[in-house]
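An overview of the molecular structure
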Amino acid sequence: STGGYVTAFNKYMLGYTVSKHGIRVYADGLRHILHPEGIKVSVVVPGFVESRMVVKQAKQGVKFFGLVSNKDACERIVKGIEMNEREIAFPALLYLVVRLTQTIPLFFQRIDDVFSNSPFR
């Protein structure tokens, strides 16, 4: 899930995001360890996929950015496995936004670190 790339800001999401991050990191390690034996490992990183839970919440007014149908999700996963992708992430725009929001705070922190030691500050 793209939840493995975000910080949980409430107690209800903490366990979810930590578990998704852990699975992603574990699978990445397995990919490197098992590569010499010809075993391929891919991680599926979906955004919101149409499900009973999502449809029920959508009927209650919850908005899901980049909602993907089950059919499209399955096709994307099969294609990713066939291409031996490290991460099979979809939809692309949601994945890009999540990854950018993960790196932007680090960028500003680095800028602040550089200027905090500046004699001009």
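Refer to the structure above for everything that follows.
Residues numbered from 1 in each chain as written. Predicted model: local features only at pLDDT ≥ 70, side-chain atom pairs only at ≥ 80, totals over all residues. Heavy atoms only, no water.

Describing the overall build of the protein chain
- Counting secondary structure elements, the protein chain contains four helices and two strands.
- Each helix (α) and strand (β) of the protein chain, taken in turn from the N terminus, gives the series α-β-α-α-β-α.
- Element-wise, carbon and sulfur atoms account for 64% of the exposed surface of the protein chain, whose accessible area totals about 9,100 Å². (Helix = DSSP H or I, 4+ residues; strand = E, 2+ residues; numbered from the N terminus. Areas by Shrake-Rupley, 256 points an atom, 1.4 Å probe, with all protein chains shown as cover.)

Some thoughts on the side chain of glutamate 85
- Relative to the helices and strands, glutamate 85 is located in the loop between helix H3 (70-82) and strand E2 (87-90).
- For glutamate 85, the side chain forms a polar contact with the side chain of arginine 76, separated by 2.8 Å.
- Those residues in contact with glutamate 85, other than ones at most four positions away along the chain, are Arg31, Val41, Ser42, Arg76 and Gly80. (Polar contact = N/O pair within 3.5 Å; in protein donor to acceptor, adjacent residues only side chain to side chain. Contact = heavy atoms within 4.5 Å.)

Considerations on the packing of aromatic side chains
- Counted according to the given criterion, the structure contains one aromatic pair.
- Residues phenylalanine 48 and phenylalanine 64 carry aromatic rings whose centres are separated by 5.0 Å and whose planes lie at 65° to one another, so their mutual orientation is edge-to-face. Of this pair, phenylalanine 48 sits in the loop between strand E1 (43-46) and helix H2 (52-59) while phenylalanine 64 sits in the loop between H2 and H3; the two residues are 16 residues apart in sequence, bridging distant segments of the chain.
- Classification of phenylalanine 48 by relative accessible area gives partly exposed; the value is 35%.
- Relative accessible area serves as the criterion here: at 17%, phenylalanine 64 is assigned to the buried category. (Phe/Tyr/Trp six-rings, centres within 6.5 Å; stacked < 30°, edge-to-face > 60°. Buried < 20%, exposed > 50% of the residue type's maximum accessible area, 1.4 Å probe, protein only.)

Topic: the nonpolar core
- Counting seven residues, the largest nonpolar core is built from Ala27, Leu34, Val41, Val43, Val45, Ala89 and Tyr95.
- Broken down by secondary-structure element, the contributors of at least two residues to this core are helix H1 (11-34) and E1.
- Leaving out residues up to four positions away in the same chain, leucine 34 has contacts with Ile39 and Val41. (Core = buried A, V, L, I, M, F, W, Y, C linked by side-chain atoms within 4.5 Å.)

In short, shape yes, function no, at least from these values alone.
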